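Breakdown of the fold
Spelled out from the first residue to the last, the chains are:
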Amino acid sequence: MAKEVEIQVAFNEGVGQFINSRLLRGCIEYLLYQRQQLPIPYHELIKLVEDQEKSCDGLGAGVLARRSLNTEYKKAKKVYEDVECLFDHINKLFLSTKVNAAMVLLGSTPVSPKEHYFVDFQNAKEGNPVDSSARVCNSACRKLIRSLISNRELGSFKEISPTSMLVFIQVSRSSDIEWFQPKPTFKPPHRGQACKISVRTTSYNEQLAASEGEPSEHSMDDEWLWFQAPVVIRGYRHRTGVGP
């Protein structure tokens, strides 16, 4: 296994579940484009799909409209539908229970992915509605993306071909989870390029220094369980133009 790249994203104030949900979604959007899974950024893919749908609405719902859907649009729409479904359930999960960590894998199988990204949410606070404003969430997400973009080691990862994106979430075993599927035998892989993203606060770093040598939350395997999102995001390449 290649050396794991470690990135810390530090915040001055506490970070709640709502912000962590936004950070995970932002991380997924970043990886889809920056790791060559999509030919355009995700926000542009959304516009591509919406514009094409408007174009089809103008043509009506008949044969002509269906013929105008080129191969790239069909792939883009599939990605869009899968990502939005995933994001919707991630939001619901973060609002219903404490999420300890997340794992985003790029590769055909969870055992031997090409890349894996471990996102650590140990500092998360439950029930913190103050952090739910769009301004705070967007600011936190921009800080995460800047940290990813500016990391030279992460930027040195070799390019990979479009593949499958698998998402795992780690929550308490006692949590009542819907949609996500429990994976009691799953363990973070040791193959492929690896990156650990730690979401931290100033107070958490102080606590960590004071408790150095004590077992971390992630070492308590009996408390936490991995769940896998049943939807798989499949990337594609080449932008060939859109329209009839």
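Residues numbered from 1 in each chain as written. Predicted model: local features only at pLDDT ≥ 70, side-chain atom pairs only at ≥ 80, totals over all residues. Heavy atoms only, no water.

Tallied over the entire structure, the rule returns six salt bridges. Note that Asp82 is salt-bridged to Lys78, the shortest N-O span being 3.4 Å. Within this pair, Asp82 and its partner Lys78 are both found in helix H4 (residues 71-96), separated by four residues, close to a single helical turn. With a relative accessible area of 11%, Asp82 lands in the buried category. (Salt bridge = Lys/Arg side-chain N within 4 Å of Asp/Glu carboxyl O. Helix = DSSP H or I, 4+ residues; strand = E, 2+ residues; numbered from the N terminus. Buried < 20%, exposed > 50% of the residue type's maximum accessible area, 1.4 Å probe, protein only.)

Here the focus is the state of the cysteines. What the rule picks out here adds up to zero disulfides. In this model Cys27 remains outside any disulfide bridge; the closest cysteine sulfur is found in Cys195, 7.7 Å from its own. A relative accessible area of 2% places Cys27 in the buried class. (Disulfide = S-S within 2.5 Å.)

Time to look at the packing of helix H1 (residues 17-34) against H4. At their nearest, the axes of H1 and H4 sit 8 Å apart, and the two run at 155 degrees to each other. If you check the angle between H1 and H4, you find them roughly antiparallel. Crossing hand, H1 versus H4: right-handed. Of the residues in H4, those touching H1 at Gln17, Phe18, Asn20, Ser21, Leu24, Arg25, Ile28, Glu29 and Leu32 are Val83, Leu86, Phe87, Ile90, Asn91, Phe94 and Leu95. (Axes fitted to C-alpha atoms, helices over the stretch in contact; angles between N-to-C directions. Parallel < 35°, antiparallel > 145°, perpendicular 65-115°, else oblique. Left-handed = near helix turned anticlockwise from the far one by under 90°. Contact = heavy atoms within 4.5 Å.)

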